[in-house]
Every structure is written in structure tokens, then in C-alpha cells.
Amino acid sequence: MSRDKLVIFDTTLRDGEQSPGASMTKDEKVRIAHMLEKMRVDVIEAGFAIASNGDFESVKAVANAVRESRVCSLARAVFADIDRAAEALKGAAAPRIHTFIATSPIHMKYKLNMPPEQVLEQAVKAIQRARQYTDDVEFSLEDGSRSDFEFMCRIVEAAINAGAGTINVPDTVGYGEPGEYGAMFKRLIEAVPNSDKAIFSTHCHNDLGLAVANSLAAVMNGARQVECTINGLGERAGNAALEEIVMAVRTRKDLFPVDTGIATEHIVPTSRLVASITGFPVQPNKAIVGMNAFAHESGIHQDGVLKHRETYEIMRAEDVGWNANKIVLGKHSGRAAVKARFEELGVKFESPQQLAEVFERFKALADKKHEIFDEDLHTLVNQGHDQGLEEKFELVSLEVTSKTGTVPAAKIQLRVQDAHQSAVAEGSGPVDATYKAIETIARSGADLLLYSVNAITQGTDSQGEVTVRLERQGQVVNGVGSDTDIVVASAKAYLHALNLLEHRSARAHPQRDGV
Ligand code: KIV
Ligand code: ZN
């Protein structure tokens, strides 16, 4: 079987960030981008440059930082968007502009209020404009899976003639079914006379739990680019999960006539990094990257695996990076060793001062915990990585009493701007008491949507990582905090979320209209 290259286009930093509460800072995006580059992702969609100044700065920072992968910005099919995308991508080694317009009858009529001819004309002009900046232009037919086939053929032919090298046909609303969506790719590629001049791409949402199946059906039928995200993060129910696509085509080489260039051993570390930065934990039974993905509980399975691994295992845990978690550092490790390990993890320090701060946090952690894993190192960077985030609330001290037969109570001291304030509160448990004490001071008016605790590594001395999702006036934020004491981690996460809410209220966030 002759094998084609399957282009892996990661959109964790753009569509992934559109999950409510999953927003990432510029520095966090650069760290994830470095991991994606190390994993040899072909294209990194770094954001939607025109959506806000923050998005613009993030695309620019990723474009300047990444050398080995293509870096892409999304742009509606309008000149202002394309010009802004091009501006943000100026420093990229290999820039791509990804422009899109909706092509389904329902979107054209109700959202765009445009007849099909005008949509076609606007798409062509946008692609020509983008080609003035770069040879690498992708065109997406938004809501492609619900579009009229004859119209799709016409717009795709015109888009290729205008200079689009990649044609993406998304299942924007997650409505597709594998048989139907795959067949549509085959028909389209056969019907469009110049289809051999472009790579066809799939981009699927998971509303019916079919995003990966639909993407693979498209690949079976001629698509040679898959758009996906780490952990399947993304708008609503998410996008197709990168790790599942990559491992499916690799494990079923007998069926899929394609190879990706992905260095799969970086999958699990990248998944962990994305989970920790976004505060979206990975469910234990998630394929490939879930804690239980390679754990055999049944005695019959364990016996089989011990006798002959392939009886119950179709992939090797180490091939996706499960054993990459080495204990390399402890309390006797020096600054140079810590710096070197961070560099291996793709973390670069902007100044000796930043390294000194992280090293101080490392020493404090190593005093409490003997073995420092890579995941612990990531949390140390996360704790100090919200640069530009004004910390209105900072934890000074926390004292909690929790004893059987008594009502738990918390006494907290915060620095609020420049003044210290204290409060005492009781609650149904130590975390509840702590949050009530914080709210006595902050009076944020926010609603708690989610509270979750995860152990970062194994063992009772592990750090607990707490995620808190707060909502205030339609703004949703995720605060993350870690500590070997989970009540302290909980307080840090709550304060992080409050600081993010303050930051958001201070800067208006323009609507990502039309995506
Ligand atoms: O889901 C979608 O249609 C998109 C496009 C902008 C590619 O995200
Ligand atoms: Zn999408």
C-alpha cells in the first residue's frame, strides 16, 4: 500500500480556546506551542488575530517562537481580518492564513444575509488578498457538512483557482455521520476538476461524539489534513482529539494509507500540560491520555498481558509517553539541573530573575515532597506565569480547623491591592469555610460553576491541583492552584479565578463573531 503524508493541524490554541473557561495567556500559549512543535505537529493554529489585542499578541508571540511547524491565524473572509492575521504572522518561519466563510443555506441566509454568489465572490477576493502575504492559504467552508453539494463544488473550484492550497470542509455543528461525511469527501474530490491542486482537510466537532470517527472517515476518502486538538478540547463538546487520530492511523496502518510525522512519545506530556493550563482535567477512561487508558483491572486481562502483551494491548504505553515521567530532581538538585530540565520541557526563562523565582518555588516544594516529577515542574511555572495579570488578591496566610464533631472554620489573611485584610468563616468543610472567608473579603458576586481536585502525580505526598470555574456577568474563568495541601491549593485556585475576573472586567473582550 503506498502511503501519503497526513498533515496534522492542531487548533488547541484557537478552537480549543473557544471552550468556555479555557482561555490561555500569551505565555501559556507559547509553552503549549513549543510542546506541539516538539511533537512535530505540521501546522499550529495560534489564534484568531483580529478577535482581540490579546489574540493578536498571542499569534505574534507563537509565530516568533516556533521555527519547525507552520504557524497559522484564522481570519474571516474580509480584508481587515486577513491584514491583521498577516501582521501577526510577520515573524513566522512558515506562515499560513486560514480564511473562512459559511456556505450552508442556513448560515448564508440567517447569519451572513448574503446570496451564494456574493459568498463565492467574497471568498475568492479574500483568498487573493491572503496570497499577497503568503503562498500558504487555507480556505474553510464553514458548516460545510450541511452545504449544498453543487455550490460546494463551485466554491471549492474557485477557491483553488484563487490560490488556496488547502480546502477544509468542516462539520462545524457536529451533525455529520461517518458514512455520509466520508462519502461527501470522495464525491467532492472526484467532482472538482482542479482538486489535485489542493490538500483536502477535515475539521470535526464532537456534538454527537463522532468527531474522531468522522475525521477518520474523511481520511479514508481522500482528506490529507486533519484539524484536531489536544484532549479533544474545543467549542461546545470539543473537536476531534489529536491523540486519538494519530494513534488510530498508526495502530491501524493496515487500513489507513497514511503516516503522520508525529513524535508520539510527547503526547501524554502535552496532554498533561494542556489540562493543567486550561484547568480541564482529562477523564480517567479517555482513550490514549486517560489515567486508566493502559491499566488492566480484571485478573484475566492482567494474566493475559503478563503472558503475552498483545493479548489485550494494541498500543504500548511508552509509545505515547506514559513513561516519560522520570524522577529527575529532588531537594539536592541545583539551579543548573533545574534550568536544564525546564529547557528539555520546552520552558524558556525570559530573565535570570524569572528563573530565580521559579527556583525558589522549586526549593519550597522539594522541602515538602521528595520526588519532583515533570508535572510538578509545569505547575511551578504555571504559578508564576500569568504575566501581565494584576494580582488584586494574594494569599498571605490560611489557618483551618477541621475536627470530627466540630464545625470546620477558616481564618484567612489576604493582601488586597496594598492592604492586608483578614476574615474568619465557618463552612460545611474546610474548603467551604475557606471560600466563605475569602468571599467575606472579596464580595465578588461570582457564581462557582465547578470545583475539582486532581492529584498531579501518584502517592500521598503528591501535589493536589485544584480547578475553580467562576462566572460573573457572562464571563467564565478557570482558576488553577496547586500545593501539597489541598485546602491551600483550593484557596490559591479561587484567588487565581478572582484575579482573572478582575482582569477580564478591566479589558473589554470583543465578540468572536461568526465562528
Ligand atoms: O468549526 C468550524 O467550522 C471552524 C472553522 C472556522 C474552521 O472552526
Ligand atoms: Zn471549529
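Placed above this text is the structure.
(A) How the structure looks around the coordination of the zinc ion (ligand 2). Within the protein, the zinc ion (ligand 2) binds to Asp15 (OD), His203 (NE2) and His205 (NE2); these donor distances fall in the range 2.0 to 2.1 Å. Along the chain, the residues donating to the zinc ion (ligand 2) are arranged with the sequence spacing D-x187-H-x1-H. His205 matches His203 in its accessibility class, with the two residues each being buried.

(B) Region of the structure containing the state of the cysteines. Going through the model one piece at a time under the given rule, you end up with zero disulfides. Free cysteine: Cys72, not disulfide-bonded; nearest cysteine sulfur from Cys228 at 13 Å. Under the relative-accessibility criterion, Cys72 is labelled buried at 0%. Looking at the unpaired Cys153, the closest cysteine sulfur is the one in Cys204, lying at 18 Å.

(C) Representation of the environment of Met35. On the secondary structure map, Met35 appears in helix α1 (residues 26–38). The spatial distance from the C-alpha of Met35 to the C-alpha of Ser351 is 21 Å, given a sequence separation of 316 residues. Apart from residues no more than four positions distant in its own chain, Met35 is found in contact with Pro269, Thr270, Leu273 and Leu345.

(D) The arrangement of helix α13 (residues 352–368) in detail. Along its 17 residues, α13 runs 25 Å from first to last C-alpha, staying within 8% of the 24 Å computed at 1.5 Å per residue. Turning to α13, its buried residues are Gln354, Leu355, Val358, Phe359, Phe362, Leu365 and Ala366. One side of α13 holds all its buried residues, which, seen down the axis, span an arc of 130°. More than 90 degrees from the buried face of α13, the exposed residues found are Gln353, Glu360 and Asp367.

(E) Representation of the pattern of salt bridges in the model. The final tally for this structure, using the stated rule, is 31 salt bridges. We note a salt bridge from Glu45 to Arg14, for which the minimum N-O separation is 2.9 Å. Pair noted here: Glu45 is in strand β3 (residues 43–47) and Arg14 is in the loop between β2 (7–10) and α1, with a separation of 31 residues, a long-range link. Classification of Arg14 by relative accessible area gives buried; the value is 4%. The residue Asp319 makes a salt bridge to Arg316 at a minimum N-O spacing of 3.0 Å. What makes Asp319 buried here is its relative accessible area of 18%.

(F) Quick peek at the packing of aromatic side chains. Applying the stated criterion across every chain yields a total of six aromatic pairs. Judged by centre distance (4.3 Å) and plane angle (40°), the rings of Tyr435 and Tyr494 are tilted. Placement of Tyr435 in helix α15 (residues 430–442) and of Tyr494 in helix α16 (residues 486–506) is noted, with a sequence separation of 59 residues between them. For Tyr435, a relative accessible area of 8% puts it in the buried group. Residue classification places Tyr494 among the buried positions, given a relative accessible area of 5%. By the ring-pair criterion, three or more aromatic residues cluster together here, those being Tyr435, Tyr451 and Tyr494. Taking the ring centre of Phe149 as reference, the NZ or CZ of Arg187 above it sits at 3.8 Å. Residue placement shows Arg469 over the ring face of Phe280; its charged tip is 4.7 Å from the ring centre.

(G) Here's a closer look at the sheet that holds strand β15 (residues 464–472). Strand order in this open sheet of three strands is β14-β15-β16, and the pairing throughout is antiparallel. Each having just a single partner strand, β14 (447–455) and β16 (475–483) make up the two edges of the open sheet. Within this sheet the neighbouring strands show an average axis-to-axis angle of 15°, counted without direction. Looking at chain direction, β14 and β15 are connected through eight bridges and run antiparallel. The residue of β15 that forms the bridge with Asn454 is Glu465.

(H) Looking closely at the packing of helix α5 (residues 116–131) against helix α6 (residues 149–162). Put simply, α5 and α6 touch, their axes get as near as 9 Å, and they point 20° apart. It follows that α5 is roughly parallel to α6 by the angle criterion. Where α5 crosses over α6, the handedness of that crossing is right-handed. Residue-level contacts link Pro116, Glu117, Val119, Leu120, Ala123, Val124, Ile127, Gln128 and Arg131 of α5 to Phe151, Arg154, Ile155, Ala158, Ala159 and Ala162 of α6. Looking at the contact of α5 with α6 residue by residue, the class counts come to 11 nonpolar, one polar and three charged.

(I) Spatial organisation of the side chain of Ser195. You can see Ser195 is positioned in the loop between α7 (178–191) and β8 (199–204). Relative accessible area serves as the criterion here: at 11%, Ser195 is assigned to the buried category. Polar side-chain contacts of Ser195 include one of 2.7 Å to the backbone oxygen of Ile189. Ignoring sequence-local partners within four residues, the contact set of Ser195 consists of Ile160, Ile189 and Phe200.

(J) Broad picture of the sheet that holds strand β5 (residues 95–102). Spatially, eight strands are ordered β2-β3-β4-β5-β6-β7-β8-β9 in a closed barrel, and the strand pairing comes out parallel. With strand direction ignored, the average angle separating the axes of adjacent strands in the sheet is 25°. Bridge analysis of strand β6 (residues 137–142) against strand β7 (residues 166–171) gives three bridges, and the strand direction is parallel. Counterpart to Ser140 in the pairing with β7 is Asn168. In the packing of α6 onto the sheet, the strands contacted are β6, β7 and β8, and the crossing angle to β6 comes to about 165°. The strands that α7 touches are β7 and β8; relative to β8, the one it contacts most, it runs at about 160°.

(K) Fine view of the site of ligand 1. Near ligand 1 you find Arg14, Asp15, His98, Phe100, Ser140, Glu142, Asn168, Pro170, Thr172, His203 and His205, and these make up its full shell. Among the elements of the structure, β5, β6 and β7 are those that each provide at least two residues to the shell around ligand 1. Considered class by class, the residues forming the shell around ligand 1 number two nonpolar, six polar and three charged.

What counts and what doesn't
Residues numbered from 1 in each chain as written. Chains lettered and ligands numbered in written order. Predicted model: local features only at pLDDT ≥ 70, side-chain atom pairs only at ≥ 80, totals over all residues. Heavy atoms only, no water. Donors = N, O, S within 2.8 Å, 3.2 Å for Na, K, Ca; no water. Buried < 20%, exposed > 50% of the residue type's maximum accessible area, 1.4 Å probe, protein only. Disulfide = S-S within 2.5 Å. Helix = DSSP H or I, 4+ residues; strand = E, 2+ residues; numbered from the N terminus. Contact = heavy atoms within 4.5 Å. Expected span 1.5 Å × (residues − 1). Arc of directions from axis to C-beta. Salt bridge = Lys/Arg side-chain N within 4 Å of Asp/Glu carboxyl O. Phe/Tyr/Trp six-rings, centres within 6.5 Å; stacked < 30°, edge-to-face > 60°. Lys NZ or Arg CZ within 6 Å of the ring centre and 35° of its normal. Pairing = 2+ DSSP bridges. Axes fitted to C-alpha atoms, helices over the stretch in contact; angles between N-to-C directions. Parallel < 35°, antiparallel > 145°, perpendicular 65-115°, else oblique. Left-handed = near helix turned anticlockwise from the far one by under 90°. Nonpolar A, V, L, I, M, F, W, Y, C, P; charged D, E, K, R; others polar. Polar contact = N/O pair within 3.5 Å; in protein donor to acceptor, adjacent residues only side chain to side chain. Near = heavy atom within 4 Å.

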